[in-house]
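Working through the structure, step by step
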Amino acid sequence: RVLLTQVFDQHRGTLKGIAMTVQDITREVELNEAKSQFISNVSHELRTPLFNIKSFIETLSEFGEDLTETERKEFLETANHETDRLTRLVNDVLDLSRLESSKTYHLNGVDLSQLIEQTLRTYQLNAKDKELVLNKEVEPNLPLILGHYDLLLQVMTNLVGNALKFTPSGGIIVIRAYHFKTKSKQFNDKSCVRVEISDTGIGIAPEDQAAIFDRFFRVENRVHTLEGTGLGLSIVKNIIDKHHSQIHLISEVGIGTTFWFDLALYQDNCSPSEGCNNET
Ligand code: ADP
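Presented here is an overview of the structure given in this document. If you're wondering where the values come from, they're calculated on a predicted model, not measured in any experiment. Numbers given to residues run from 1 along each chain, matching the order in which its sequence is written. Given that this is a predicted model, residues contribute local features only at a pLDDT of at least 70 and side-chain atom pairs are listed and counted only at 80 or more, while totals for whole chains, interfaces and linings are drawn from all residues. Processing note: side-chain calculations cover all non-hydrogen atoms of the structure and skip hydrogens and water entirely.

All right, on to the pairing of strand β7 (residues 191-199) then. Per-residue accessibility, obtained with a 1.4 Å probe over protein chains only, is compared with the maximum for each type, and a residue is labelled buried under 20%, exposed over 50%, and partly exposed between these values. Under the scheme used here, helices are H or I runs from DSSP no shorter than 4 residues and strands are E runs no shorter than 2 residues, and both carry numbers assigned from the N terminus. Burial of β7 is extensive: nine of the nine residues sit out of reach of the surface. Residues Ser191, Val193, Val195, Ile197 and Asp199 point to one face of β7 and Cys192, Arg194, Glu196 and Ser198 to the other, with burial holding for every one of them. When strand β6 (residues 172-181) meets β7, the two strands line up antiparallel, connected through nine bridges. Its bridge partner lying in β7, Ile173 is registered against Asp199. Strands were regarded as paired on the criterion that DSSP finds at least two bridges between them. When β7 meets strand β9 (residues 256-264), the two strands line up antiparallel, connected through eight bridges. In the sheet register, Val193 faces β9, and the bridge partner there is Leu263.

Encoded structure:
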């Protein structure tokens, strides 16, 4: 972007010249393009369930009397299912936009054992229904980490939810948490806590592994009757970013997937970006 400004002689009140400022706005243009792309994707994703719901209602109101009781029930159930999908999508879009618009969150001492326990309680029934084993291996007396409880709960919910979705019956899902001394610069050579979510599911091919964190990306040729919005992992990545950390994965098709991330320990005057005053 080139900006031209007139420069006046203050005493005489006459034009002295023209000043030219050149600004690099590549990043701004890229961000605007990403935003437009996102809005267009959201609109597209919202239109599909809306169109389906409208078609079902139209058919029921026009031809309802010609349908059998079972057919009518099926139509209503599908419309209900589509409404759930729409709700999930709107919630995910709102979560993501809230995360992107607030630069920082206040991080506090979080008890991960409690958070993992809550995640297990949420999913235990679901796992049983799918004949999956859902376990935890949490180090006793795990130190508090520096984090945001509700946001981290959402991370766990999304990752464990995916593990349940993409693991066939008979599989095992394990949530692990342990602390160790890291050599990572990110934590200034101090200890951190690692959280891992492993499954024995269908796995993710190497060529898809980077893209799965993109908004709306869902691996092709999959049983996409499976519920999902393609936004879950973008939300996870965003939340882990807010904890000044990164999300990683190791996966093999047909064997399973492990997602993992590290979190700084909570101490007074301690933050992952500024470091800790006390040795851990
Ligand atoms: P979705 O709502 O589709 O689950 P996500 O952003 O959470 O969206 O995940 C994006 C895609 O990554 C999924 O559609 C799926 O193809 C793949 N994926 C995520 N987690 C797993 C997993 N544990 N095992 C296999 N594939 C996964």
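With mixed pairing, five strands are arranged side by side in an open sheet as β4-β6-β7-β9-β8. With one partner strand each, in any of the chains shown, β4 (133-138) and β8 (248-252) form the two edges of the open sheet. Neighbouring strand axes in the sheet, compared pairwise and without regard to direction, differ in orientation by 15° on average. In the packing of helix α3 (residues 112-129) onto the sheet, contacts are made with β4, β6, β7 and β9, and the angle to β4 comes to roughly 170°. All axes here are fitted lines through C-alpha atoms, helices being fitted over the stretch that makes contact, and every angle between N-to-C directions spans 0 to 180 degrees. Whether two residues are in contact is decided by their heavy atoms: any pair within 4.5 Å suffices.

Now for the packing of aromatic side chains. Pairing of aromatic side chains requires ring centres within 6.5 Å, counting the rings of Phe and Tyr and the six-membered ring of Trp. Pairs whose planes differ by under 30 degrees are stacked, by over 60 edge-to-face, and all others tilted. All chains considered together, the criterion is met by three aromatic pairs. Ring geometry for Tyr178 and Phe180: centres 6.0 Å apart, planes at 40°, overall tilted. The exposure class assigned to Tyr178 is partly exposed, which follows from its relative accessible area of 27%. Directly above the aromatic system of Trp260 lies the positively charged group of Arg194, at a separation of 4.1 Å from the ring centroid. A positively charged side chain is recorded as over a ring if its NZ (Lys) or CZ (Arg) lies within 6 Å of the ring centre. The angle to the ring normal must also be within 35 degrees.

Turning our attention to the side chain of Glu196. Note on placement: Glu196 falls in strand β7. What makes Glu196 buried here is its relative accessible area of 14%. Ignoring sequence-local partners within four residues, the contact set of Glu196 consists of Val174, Ile175, Arg176, Tyr178, Thr258, Phe259 and Trp260.

Before going further, it helps to examine the site of the ligand. Throughout, near means a residue has at least one heavy atom within 4 Å of the molecule or strand. Around the ligand lies a shell of 20 residues, among which Asn162, Lys165, Arg218, Thr229 and Leu233 are the nearest. At a separation of 2.9 Å, an oxygen atom of the ligand approaches a polar side-chain atom of Asn162. For the purposes of these results, a polar contact is taken to be a pair of N or O atoms within 3.5 Å, where, inside protein, one atom must be able to donate a hydrogen and its partner to accept one; residues adjacent in sequence count only when each atom of the pair is a side-chain atom. The separation between an oxygen atom of the ligand and a polar main-chain atom of Leu233 is 2.9 Å. Computed by Shrake-Rupley with a 1.4 Å probe, the accessible areas treat only the displayed protein chains as cover when residues are assessed. Notes on the ligand: free accessible area 530 Å², of which the protein chains cover 98%. Broken down by secondary-structure element, the contributors of at least two residues to the shell around the ligand are α4 (149-165), α5 (232-242) and β9. Gly is put with the polar residues, along with every residue not named as nonpolar or charged; the nonpolar set is Ala, Val, Leu, Ile, Met, Phe, Trp, Tyr, Cys and Pro, and the charged set is Asp, Glu, Lys and Arg. Class assignment of the residues belonging to the shell around the ligand gives a composition of eight nonpolar, eight polar and four charged.

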